[in-house]
Every structure is written in C-alpha cells, then in structure tokens.
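What the coordinates show
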Amino acid sequence: MHPAPSIILFTALSGLGFGLMVWLGLMPGDKGAWVAATFCILALALASIGLCSSLFHLGHPERAWKALSQWRSSWLSREGVIAIAALASFSLYGLLWVTSGTPNTLVGALSAALALATILCTAMIYTQMKTVPRWHSPLTPILFFAYALTGGALLAGKVTFSLWLLAALGGLQAFTWFKGDKAFAAAGHTMNTATGLNPDAKMRLLEAPHSGPNYLQKEMVFRIGRKHSQKLRIIAITLLAILPLALGLLFEVKHMLAGILVLSHIGGLLVSRWLFFAEAEHVVGLYYGQR
Amino acid sequence: MTSLPQSTEKSLGLVIDLDTCVGCHACVISCKEWNTGAYGAPLADVDPYGAQPVGSFLNRVHTFEVKPAEGPAAVTHFPKSCLHCEDAPCVTVCPTGASYKRVEDGIVLVNESDCIGCGLCAWACPYGAREMDPVEKVMKKCTLCVDRIYNENIPEEDRVPSCVRTCPAGARHFGDLSDPDSGVFKLVEERGGFDLMPEQGTKPVNKYLPPRPKQEAAPEMDVLGPLLAESTEGAGGFFGWLDRTLEKL
Ligand code: SF4
Ligand code: SF4
C-alpha cells in the first residue's frame, strides 16, 4: 500500500496523543497546575494534529463531517465519532484538573476509555481489510495498543512502565513482521484464484490493461523501498525499542535523556509505520502480476 | 446507510465469457464514453496526450498466459469491472454512506455528492473495481449503466449496459442472476460459471464462464506431402498421360 505521509503522521501522532491521554487519565500523579496543563495540552495537540493531518488524505475535506454518520457499520466513521468524544472528555478533564488542582477520577477514567476505544477504531480500519492479508490479523490492534501505550508512557514520564512496555513492544513488533511475511501466502490468494482459471496452471500477465500506471497500482501496489525493508526494520526496531531501552536501563532517566529517549522512539515509530504501509500487499496486485 | 441490505429483489449483473472474449477492449472504450457523459462526474483523464497519461476507467481488460501442467498454453483475455458483490466490503467500510447497494436490483453505487474521497472502499475491494477520479476526487465505479437499463428515452435494444451492447464477440451478457428463468442464470448453470477470489467471501453477482479446454494439438498433418511425393501411382487424366509418355522416353 502507498505510504502516504499524511496517514503515517495521522496514525503515529494520534496514537501518541491518545496513548498519553490514557496515562494522564488513569495515573495523573502529583502535578502542579502548570505542569498538568502542559501535559494535557501536549496530549490534545498530538491527537488533534494527527486527526487534522488525516484530512489531507481526503479528496473532499470540506465534507469530512459526513464521515460521522455511518458509525453503525464503518470503523472509520466510529473512529471519527469516538475521537471527538475522547477529545471533548479529555479537554474537560484537563480543565477541571488545572482549575481545581485535583484531577477528577471519573472523568479521567472516561477519557482513558474513550482514548483506548479510538486507538482500537484506528487499528480496526486496517485490520478489517481482508484484501491486505498482512493487516488482517488480531496482531494489528494489539500492536497499535502497544505503540500507543508505550509512547504515551514515555511522554507521561512513567519510566518503569515505559521500560517494560518498550521491551514488550520490540518483541511484539518483531513477531508481527515475522508473521506478516507469511500472511499473503497463508491466505491462499493467487493469480489463479483471482481469475478463477485452472488452479494448477502456471500463470503470468501477458499484457497489462493499459500502458501507464493507474490509481490502483499507485495506491495499492507500492513496491518502492521494499528492497530495503530488512535494513529499515533493523533501523526501526533499534530506534523505537532497543536504544531507548538500553539508555533507560543504563542511566537514570532525567530531562535531557528523557527527551532523547522520546525522540528516538518517535523516529523508530515513524519508520515502522512507513513499513506498515509499504510492506502491505493488496490482493489486487495479482491482476497486475505484481504484489 | 452503508449497512448492506438483507436481500435484494433482483441481482442484476454480468456474465462474462472468457472463451469468447477476443481482448479487443471495445467494452473498455464504450464504457468510458458512456460514463463520461452520463451518471455523475465525467471520467477524467490527466495529461491524456502527454508522457504520463492517467485516467479513470470502470472496466479494464487484462490478458493472461495460462500454462497448464500438461497440454498447450493458452491466452485468456480477462475483462474486469465491479462484480456488484452480495457481501460488498466496499459498502460497509464507507464512513459517509456514499457507497450503497440498492435493494431493488442489487446494483452497488456511489452517491458522489456524499463521497469525501477517502479511498477506503477501493482498499476494501479485492478486484480493483473502484478508481478515484483524478479531477473530481470522488470514487468512480461501474454503475451497470443504471442510466441506460431503465431509460425509456433510448431504443429498447440499447437498454443494456454499454459494454454488453458493444461487445463484438458477444462475450458479455446482462440479466438478473437471481432469476432461474433468466438467460444469464441458465448460461451460468450450463457452462459452470464461477466467482473470482471466492476465498474473499464477497459473493460476487457477476460470474465468469471458463474458456473451453484447448484441443490437443492435432496430429501433424502433411498438406503438401501427397502432391510433392515422387510416386505417380494412380495418376490419371493429363498427368497420367504425361507420366506414361515421359516413362516411354
Ligand atoms: S467488485 Fe469491488 S466495488 Fe464492486 S461490489 Fe464487489 S467489492 Fe464493491
Ligand atoms: S471514497 Fe467515497 S465512497 Fe469510498 S469509502 Fe470514502 S466516502 Fe465512501
């Protein structure tokens, strides 16, 4: 699939923002008004910048509000509705916290639940795609939760939690890559099932339907950079888990270092999200003799 | 509402005969022509005469080489458009309700004024039947020529999808696939019509008819052999006389 920057930013940033909301909502800790305000604004900003960047992916952003209507059937619609509810609830939580000095446990828990639900909806948009076997797996939502909670813990300064989560996330990501590499073959889609022709025959595309590339190929048969995917995987996992974990275990995590940890993790997150799209093969490629 | 109907009153669709299709792309062109002037926004092209032309089409013809384990290889031309699936995944993913399946005839359509161009429905379709219009930025797909088949302003014989009307080989058939008395239903029964990628669970309405098995290559036959043979046995008439005369010399 085409790794559109707007979608990579959207899933990465909103994941971090909603992940941070979960931690702030459930474990606000002892913070003064200014510190609390900073954390809350950071969470809201990340989530809203992420959501806004997703609008750039649309052909008609001015009609985006219509996407809130089909929550009964569509995960994308559900995501929109629940994200707005989460933003509203968390804004209220932050406001109460900053003005009264103590966080409201009930509103906090509600915000955390809505934030978790938003992360689930985002993941389900991809998980539901039977046409992309690499995504069509329970590992996808698990991975999205792991990323959001790990990034959120790092941003919230929950050092012990984040070190455990970093280790778990690294393992989970490696396992997902390993499983994902086999998903297309395991799903059993071939050129023969795609065309319904002789299942035992050897098939190849003799003539493409058109000489130039079309929308489908650009959007769904993205192959550039797959050549380097092994190297990119190593870079991603090093940045997102191994480096922050090593630094966190070796040194005491204080301001400067915490910043480096967070930046390294976010860098790794962006590379792995790029791979999430770039490596995903859509079954329509079979009609074009490509994957 | 993007939930799928429980059932539809009819299942209008196409039956495509892979045995008959000659791969001329006439259906592609007639589809483009009709749908550029009819339902919804025109089917746009970008840079049509330039170096990198791209455009949206609702129907495309792929050509495959099929090499069986034994026997000769065959070429199969393979036209592909929306299959108007019963369990259309493109409909349920749509966040706006722009994509829908009609209860009265099962046609899957896009309401272009509701479409936000998110592209999710094209991701959900296993068959590559949906293309984003490069100019209008809304999703385009086969409408089964909904503006022809019920159109009382055109002659009755034209009230079929444009591709069906155009196909010079008669490889495309249109009708109600839920009606056991319909021509298309019987065709599918007789010829063993099949679904594309049944493992995707989309239950396509459109069916494909398999190419008839290629005959084993006929035993080598020497057409000129008897004429070129050196024997003159059995020659009569002029050649017989010539033969006999030359023999005497
Ligand atoms: S062929 Fe594709 S676009 Fe058409 S109904 Fe089926 S899933 Fe939807
Ligand atoms: S591109 Fe249009 S029709 Fe397709 S899912 Fe998005 S809003 Fe619906």
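Residues numbered from 1 in each chain as written. Chains lettered and ligands numbered in written order. Predicted model: local features only at pLDDT ≥ 70, side-chain atom pairs only at ≥ 80, totals over all residues.

Thoughts on the overall build of chain A
For chain A, the count of helices and strands is 10 helices and one strand. Over its C-alpha atoms chain A spans a radius of gyration of 21 Å, differing by no more than 12% from the 19 Å that the globule rule assigns to 291 residues. The principal-axis extents of the C-alpha atoms in chain A amount to approximately 70 × 50 × 30 Å. Per-residue burial for chain A yields a buried fraction of 47% across its 291 residues. (Helix = DSSP H or I, 4+ residues; strand = E, 2+ residues; numbered from the N terminus. Rg over C-alpha atoms; globule rule 2.2 N^0.38 Å. Buried ≥ 20, exposed ≤ 12 C-beta atoms within 10 Å, placed from the backbone.)

With respect to the environment of Thr190 of chain A
All names here are of chain A. Take Thr190: it is sitting in the loop between helix 6 (159–187) and helix 7 (191–195). In this structure Thr190 comes out as partly exposed when scored by C-beta crowding, with 16 C-beta atoms within 10 Å. Sequence spacing of Thr190 and Thr238 is 48 residues, and the spatial spacing of their C-alpha atoms is 35 Å.

Digging into the interface of chain A and chain B
At the junction of the two partners, chain A supplies 49 residues and chain B supplies 51 residues. For the side of chain A that touches chain B, the leading source of residues is strand 1 (residues 202–207) of chain A, giving six residues. Here the residues of the side of chain A that touches chain B sort into 20 nonpolar, 20 polar and nine charged. Pairing of strand 1 of chain A with strand 4 (residues 59–67) of chain B, which is carried by five bridges, proceeds in the antiparallel orientation. Across the sheet, Glu207 of chain A pairs through a bridge with Thr63 of chain B, a residue of strand 4 of chain B. (Contact = placed C-beta atoms within 7 Å. Nonpolar A, V, L, I, M, F, W, Y, C, P; charged D, E, K, R; others polar. Pairing = 2+ DSSP bridges.)

So, the site of ligand 2
Around ligand 2 lies a shell of 14 residues, among which Cys94, Ala98, Cys115, Cys118 and Cys121 of chain B are the nearest. Among the residues forming the shell around ligand 2, the class breakdown is 10 nonpolar, four polar and no charged. (Near = placed C-beta within 6 Å.)

Comments concerning helix 6 of chain A
Residue and element names in this part refer to chain A. For helix 6, built from 29 residues, the straight-helix expectation of 42 Å at 1.5 Å per residue is met to within 8% by its first-to-last C-alpha distance of 40 Å. The largest bend in helix 6 comes to about 30°, at Asp181. Those residues of helix 6 not exposed but buried are Ser162, Leu163, Leu165, Leu166, Leu169, Gly170, Gln173, Thr176, Trp177, Gly180 and Phe184. Among the residues trailing helix 6, Gly188 stands out with phi positive, at a value near 80°. (Expected span 1.5 Å × (residues − 1). Bend = angle between axes of the 7 residues up to and from the residue.)

Remarks on helix 5 (residues 139–156) of chain A
Residue and element names in this part refer to chain A. With 18 residues, helix 5 should cover 26 Å at 1.5 Å per step; its first-to-last C-alpha distance of 25 Å lies within 8% of that length. Where burial is concerned, most of helix 5 is hidden: 15 out of the 18 residues are buried. Backbone geometry just downstream of helix 5 places Gly157 in the positive-phi region, at approximately 75°.

Details of the pairing of strand 10 (residues 172–176) of chain B
Residue and element names in this part refer to chain B. Among the five residues in strand 10, four count as buried, and that is most of the element. Judged from the five bridges that link them, strand 1 (residues 12–17) and strand 10 form a sheet pairing that is antiparallel. Each residue of the ladder has a partner; that of Ile16, found in strand 10, is Arg172.

Considering the confidence of the model for chain B
With 92% of its residues at a pLDDT of 70 or more, chain B shows a mean pLDDT of 91. Note on the complex model: pTM 0.89, ipTM 0.93. (pLDDT = per-residue confidence, 0-100.)

Some remarks on the sheet that holds strand 4 of chain B
Strand pairs in the sheet, formed through backbone hydrogen bonds, run parallel or antiparallel to each other. Reading across the sheet, the three strands line up as 1(A)-4(B)-5(B) and stay open at both edges, with antiparallel pairing between neighbours. Of all the strands in the sheet, just strand 1 of chain A together with strand 5 (74–81) of chain B have a single pairing partner and so form its edges. Ignoring strand direction, the axes of neighbouring strands in this sheet form an average angle of 35°. Sheet topology places strand 4 of chain B next to strand 5 of chain B; eight bridges connect them, and they run antiparallel. (Axes fitted to C-alpha atoms, helices over the stretch in contact; angles between N-to-C directions.)

Considerations on the domain arrangement of chain A
Residues and elements named next belong to chain A. According to the domain assignment, chain A contains domain 1 (1–128) and domain 2 (130–197 + 214–291). Computed from C-alpha coordinates alone, the two centres of domain 1 and domain 2 are separated by 21 Å. Every contact between the two is made by 25 residues of domain 1 and, on the other side, 28 residues of domain 2. When contributions to the side of domain 1 that touches domain 2 are tallied by element, the ones reaching two or more residues are helix 1 (5–26), helix 2 (33–55) and helix 4 (105–127). Counting residues per element, the side of domain 1 that touches domain 2 draws most heavily on helix 1, at 12 residues. Residue classes in the side of domain 1 that touches domain 2 are distributed as 19 nonpolar, six polar and no charged. (Domains from an automatic or database assignment.)

Section: the sheet that holds strand 1 of chain B
Residues and elements named next belong to chain B. The sheet built from three strands is open, its strands ordered 10-1-11 with mixed pairing. The two strands at the open ends of the sheet, each matched to only one other strand, are strand 10 and strand 11 (207–209). Across the sheet, the mean angle from the axis of one strand to that of its neighbour is 25°, orientation sign disregarded. The strands that helix 6 (residues 183–191) touches are strand 1, strand 10 and strand 11; relative to strand 10, the one it contacts most, it runs at about 120°.

Focus on the packing of helix 5 of chain A against helix 10 (residues 255–278) of chain A
All names here are of chain A. In contact at an axis separation of 10 Å, helix 5 and helix 10 are set at 160° when each is read in the N-to-C sense. Considering their axes alone, helix 5 and helix 10 lie roughly antiparallel with respect to each other. Crossing of helix 5 over helix 10 shows left-handed handedness. Across from Tyr147, Gly151, Leu154 and Leu155 in helix 5, the residues of helix 10 making contact are Leu261, Val262, His265 and Leu269. Along the lines of polarity and charge, the residues of the contact of helix 5 with helix 10 split into six nonpolar, two polar and no charged. (Parallel < 35°, antiparallel > 145°, perpendicular 65-115°, else oblique. Left-handed = near helix turned anticlockwise from the far one by under 90°.)

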